[in-house]
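# Structural characterization, general
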Amino acid sequence: MGLFSRKDKSRRGDASLPTSHSTNSFGSSTSRSVVNRVSAGSVTSGSPLSPLSPTKLPKMDLPRPPDPQLDPAGYLRSLGAVRERTKLVFDKLMANRLQHFDVDMAKFPDVVAFVSGLIKRDYDAPFNTIPGHGRYQHFCVGGRDRIADLLSTWPSTVDNTERCRRLIDLFLISVLLDAGAGTSWSYKSNENGKGLFSGNPDNKHQVDFQGLAKLTVDQLAAGLQSKPGNELAGLDGRTALLLKLSDALKSKAEFFGETGRPGNMIDHLLSHPSTQASSMLIVPLPVLWSVLMSGLAPIWPQSRTSIDGVSLGDAWPCSSMPQGVGAWESIVPFHKLTQWLTYSLMQPMQSLLNMHFAGTELLTGLPEYRNGGLFVDIGVLTLKKDDADRGLENYSDYCRRAGVKGVEVAPAGRHCRPPRSPSRRSQ
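Residues numbered from 1 in each chain as written. Predicted model: local features only at pLDDT ≥ 70, side-chain atom pairs only at ≥ 80, totals over all residues. Heavy atoms only, no water.

The name given to the chain in an unreviewed UniProt entry is Uracil catabolism protein 4, with the source organism recorded as Cordyceps fumosorosea.

Structural data, given as structure tokens:
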């Protein structure tokens, strides 16, 4: 299904975990113990897909990012730094002083009209059936809600806390394995329940460091149905990434527990001193952010941008930023994958645990080629002529060197090379 293909209006809103809490009940709201309040939850007849209107949260003080002068790495790894640093580039955009693109903000209303037209085409006002942005929707391809199917297979003795742990395990692994699969690979659903990522013989529906530590390339290939004629690109890299995840889960017991399980982050969030549960369960979003940014830091390559030996993750030097001052000031953080994880993991916690997050306004749209390409396609951004001419020359030179026929006329960078393997993109 294409990104902007028309949805079947008879199915609109069916495949989504809500961005607010769900109708599932988790014990008495008068319970004094946060952990007991959630652990007492049980499966109810309410669907985790039921859309609800956003809930107004009481005012809550959020932790501030570290002072960049004292802890530049900590600051650039924070979620708050994303908007603060990108605003410096945005200010240059509004003044049409970007180095490589001309800006025509008169075209911005056309972008708004295009996007709102898609929304109105596929959803009815007041638009509260629009699916939350997260991994969940990828499990509903072809109109089949595989998450609802999965939940229905677990007995009622599995309470909502454990159900949520299992979905977090699933979603995190799924996001980390998400990279270009190549042109020849396809996958057919096969719910065989082998529990490849579990080291617990009593629960094959979990992911933990022991199960991941034993993973081999051949096992992952078999699980993903990769074979001659149906090869999945980057299997070595995907396996290596999961082995690094095993080490991270084991070494970060403060977030993932002694069993080193992604879903155990729930227990960390519930027991955190900043979590509130007087009238409703509220977790400051920066607490979840810290789990993902710090807890998963060991899985990323050391070649990433770093300060004083501390990897910054998805953060890169930008020539439009201040130069010649502190080294950190020229760096723009995006944290696309960590934001994608945050959006995705919030869904089951909101739906199954009635967990609310304070500070979601800190999250941004994902800085990826689809979103940037929208502004290029509609004319808000236009590549400057010198850059376009040089890019087209580079692309033609690449085709000559590689002995390939260009499938499209696209400007390329000076050091044009074949696309990176999915194993590297996933990192």
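Let us keep going from here.
Assigned secondary structure in the chain consists of 16 helices and eight strands. Evaluated residue by residue, the chain yields a buried proportion of 44% over its 427 residues. Taking the contacts inside the chain whose residues are at least 6 apart along the sequence as the reference set, 70% of them involve residues at least 24 apart. For the chain, the exposed area adds up to about 22300 Å²; of that, 55% sits on carbon and sulfur atoms. (Helix = DSSP H or I, 4+ residues; strand = E, 2+ residues; numbered from the N terminus. Buried < 20%, exposed > 50% of the residue type's maximum accessible area, 1.4 Å probe, protein only. Contact = heavy atoms within 4.5 Å. Areas by Shrake-Rupley, 256 points an atom, 1.4 Å probe, with all protein chains shown as cover.)

Right, let's talk about the pattern of salt bridges for a bit. According to the stated counting rule, one finds 17 salt bridges in the structure shown. Salt bridges sharing partners connect three or more residues here, namely Glu162, Arg165, Arg166, Asp169, Arg261 and Asp267. (Salt bridge = Lys/Arg side-chain N within 4 Å of Asp/Glu carboxyl O.)

Right, let's talk about the pairing of strand β2 (residues 281–284) for a bit. Residues Leu281 and Val283 point to one face of β2 and Ile282 and Pro284 to the other, with burial holding for every one of them. Alignment of β2 against strand β7 (residues 355–358), held across four bridges, turns out to be parallel. Looking across to β7, one finds that isoleucine 282 is bridged to histidine 356. (Pairing = 2+ DSSP bridges.)

In terms of burial, helix α12 (residues 285–295) is largely enclosed, as nine of its eleven residues are buried. Regarding α12, the residues found buried are Leu285, Pro286, Val287, Leu288, Trp289, Val291, Leu292, Met293 and Gly295. Buried residues along α12 sit against α9 (235–251), α10 (253–256), α11 (265–271), β2, α13 (336–353) and β7.

Packing of helix α4 (residues 108–122) against helix α14 (residues 369–378) brings their axes to within 9 Å, and their N-to-C directions diverge by 120°. It follows that α4 is oblique to α14 by the angle criterion. Here the hand of the crossing between α4 and α14 comes out right-handed. Taken together, the residues of α14 that come into contact with α4 (itself represented by Phe108, Asp110, Val111, Phe114 and Val115) are Leu374, Phe375 and Ile378. In the contact of α4 with α14, the residues fall into seven nonpolar, no polar and one charged. (Axes fitted to C-alpha atoms, helices over the stretch in contact; angles between N-to-C directions. Parallel < 35°, antiparallel > 145°, perpendicular 65-115°, else oblique. Left-handed = near helix turned anticlockwise from the far one by under 90°. Nonpolar A, V, L, I, M, F, W, Y, C, P; charged D, E, K, R; others polar.)

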